[in-house]
Amino acid sequence: MTLRVRDLDESGLLARFVPLLPGGAATIVGPGDDAAVVAAPDGRYVVSTDVLVEDLHFRRRWSTGYDVGVRAAAQNLADVAAMGGRPTALVVGLAVPGDLEVAWVEDLARGLADACAPVGAAVVGGDLSGGPVVMVSVAVHGDLGGRAPVLRSGARPGDVVAHAGVRGRSAAGLALLEAGVVSPEEGAPGAAGPYAAFVGGFLRPAPPLAAGIAADDAGATAMLDVSDGLLRDAGRIAAASGVGIDLDGGALAPYVDDVLAAAVRLGGSSATEPRAVDRALAWVLGGGEDHGLLATFPPEVTLPAGFEAIGSVLVADGAPRVTVDGAVPADARGWDHFRA
Ligand SMILES: [Mg+2]
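Computed from a prediction, not measured in an experiment: that's the story for all the values here.

Trainee: What is the right way to read the pattern of salt bridges from this model?
Mentor: Where charged atoms from two side chains of opposite charge come close, those side chains can pair. Inspection of every chain in the model, using the stated rule, returns 14 salt bridges. When the shortest N-O distance is used, the salt bridge between Asp-67 and Arg-204 registers 2.9 Å. Taken together, the residues span a long stretch of sequence, with Asp-67 in helix H2 (residues 65–81) and Arg-204 in the loop between helix H5 (196–203) and helix H6 (209–218) at a distance of 137 residues. Like Arg-204, Asp-67 is buried. Ionic pairing is found between Asp-258 and Arg-169, a salt bridge with its closest N-O pair at 2.7 Å. Of the two residues, Asp-258 is situated in helix H8 (residues 249–265) and Arg-169 in helix H4 (residues 169–179); the sequence distance between them amounts to 89 residues.

Trainee: Would you explain the nonpolar core in this entry?
Mentor: Across soluble globular proteins, nonpolar side chains have a tendency to be buried as a group. Counting 44 residues, the largest nonpolar core has Leu-176, Ile-245, Leu-247, Trp-283, Leu-294 and Ile-310 as its most contacted members. Here this core takes seven residues from H8, the largest share from any one element. Excluding residues that lie within four positions of it along the chain, Leu-294 makes contacts with Val-161, Ala-162, His-163, Ala-222, Met-223, Leu-224, Val-226, Leu-230, Asp-233, Ala-234, Ile-237 and Ile-310.

Trainee: Can you help me understand the packing of H8 against helix H9 (residues 276–286) in this one?
Mentor: Each pair of packed helices can be summarised by the angle the axes make with each other and by the distance between the axes. Axis separation between H8 and H9 bottoms out at 8 Å; the angle between their running directions is 120 degrees. Considering their axes alone, H8 and H9 lie oblique with respect to each other. Once H8 is placed against H9, the crossing between them reads as right-handed. Where H8 abuts H9, its residues Leu-252, Tyr-255, Val-256, Val-259, Leu-260, Ala-262, Ala-263 and Val-264 lie against Ala-276, Val-277, Arg-279, Ala-280, Leu-281, Trp-283, Val-284 and Leu-285. Taken together, the residues of the contact of H8 with H9 break down into 15 nonpolar, no polar and one charged.

Trainee: When you look at the domain arrangement of the protein chain in this model, what are you seeing that I'm missing?
Mentor: The accessible area lost on association of the parts is a frequent measure of interface size. Segmenting the protein chain into domains produces domain 1 (5–143) and domain 2 (152–324). For domain 1 and domain 2, the distance between their C-alpha centroids amounts to 26 Å. In this complex, domain 1 contributes 20 residues to the contact, which on the side of domain 2 involves 20 residues. Roughly 1700 Å² of surface becomes buried between domain 1 and domain 2 when both sides are summed, with 66% attributable to carbon and sulfur atoms. The largest share of the area that domain 1 buries against domain 2 comes from Trp-62, Arg-71 and Ala-82, three residues that together contribute 35% of it. Our count for the contact surface shared by domain 1 and domain 2 stands at three salt bridges. One salt bridge in this structure joins Arg-59 and Glu-178, with 3.8 Å as the shortest N-O distance. Grouping the constituent residues of the side of domain 1 that touches domain 2 by class yields 10 nonpolar, four polar and six charged.

Trainee: When you look at unusual backbone geometry in this model, what are you seeing that I'm missing?
Mentor: As a rule of thumb, non-glycine residues mostly have phi less than zero, and peptide bonds are mostly trans rather than cis. For Glu-289, which is not a glycine, the phi torsion comes out positive at approximately 65 degrees. The residue Glu-289 is located in the loop between H9 and strand S10 (293–297) in this model. Phi at His-291 is positive, roughly 60 degrees, even though this residue is not glycine. Within the secondary structure layout, His-291 lies in the loop between H9 and S10.

Trainee: Where do I start with the sheet that holds strand S5 (residues 122–130) in this structure?
Mentor: Backbone hydrogen bonds hold the strands of a sheet together, and the pairing may be parallel or antiparallel. Overall, mixed pairing links the four strands, which are arranged S3-S6-S4-S5 in an open sheet. Only two strands of the sheet have a single partner each, and these edge strands are strand S3 (46–53) and S5. Taking each pair of neighbouring strands and ignoring which way they run, the sheet shows an average axis angle of 15 degrees. Pairing geometry for S3 and strand S6 (residues 135–143), over eight bridges, is antiparallel. Looking at S6, one finds that Val-53 is bridged to Met-135.

Basis of the calculations
Residues numbered from 1 in each chain as written. Predicted model: local features only at pLDDT ≥ 70, side-chain atom pairs only at ≥ 80, totals over all residues. Heavy atoms only, no water. Salt bridge = Lys/Arg side-chain N within 4 Å of Asp/Glu carboxyl O. Helix = DSSP H or I, 4+ residues; strand = E, 2+ residues; numbered from the N terminus. Buried < 20%, exposed > 50% of the residue type's maximum accessible area, 1.4 Å probe, protein only. Core = buried A, V, L, I, M, F, W, Y, C linked by side-chain atoms within 4.5 Å. Contact = heavy atoms within 4.5 Å. Axes fitted to C-alpha atoms, helices over the stretch in contact; angles between N-to-C directions. Parallel < 35°, antiparallel > 145°, perpendicular 65-115°, else oblique. Left-handed = near helix turned anticlockwise from the far one by under 90°. Nonpolar A, V, L, I, M, F, W, Y, C, P; charged D, E, K, R; others polar. Domains from an automatic or database assignment. Buried area = accessible area lost by both parts, 1.4 Å probe. Pairing = 2+ DSSP bridges.

Printed below as a string of structure tokens:
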């Protein structure tokens, strides 16, 4: 018989969930008391929160509990990294329907743990509730280690625009799943098929967390994590900094090549369907939820490991603020098209 959430009381479920959560060096008092105590050696802390709601941000027929745990942690960890901080502690609010398998909840904890492991962040507490659907609300805290936070507003004309992480894979994976041509299992951890990187990238984004700290150390003038698409998020830096951003189409070509196999799998050579390369470019420019880092650096800076130059910061020349090779991208369909 499958054990379900309704078969346990709250303390019974917590007894299974809490031991699977990651610990971390910054934790002074972890789960079990009324609140946690976390070291903030910097004297300041970075804090952010993100919510995932079933059927709005994920679907249980595609995402395992493990996938949702990874994703909930990753998008929060990326927000701290994008400030130049090191994530230290997460608190997790979880609402679950009574018919949910207990194993799904345990898997969620394992996903949180694996996503937090590379940076040593802990889950220090949270809350558990019943609910009509699964909802995961994470609040993340981070430490700047004496560095200045990197804001969106510091880009200056002449700066180099650089990106760390993957681009377009999440949108490609979502498109493959939506089209029904690839199964979620083909993106499971350890899967090695031709579409594993796309489906896995959608189900379990892996932000380049260490690159955020490296960017801050290198003197990044502005930074954010690309959650809503390259064009849209570059536009946020441009707007906050009062500058223009021109992306280099040639520098984006490797990202297009990276997702081309997924675009080819979806076909698209008829008059009404975009060509595969156009589809791939739309994912690169418009696809969200890869959580790569987009940053600007003074021109004399040697880019830190993981960053590739993809454009330059220009004097603002009125709207539009973001161009590719000097022109407004002809196909910006991706801006909202790929949101789950
Ligand atoms: Mg963000």
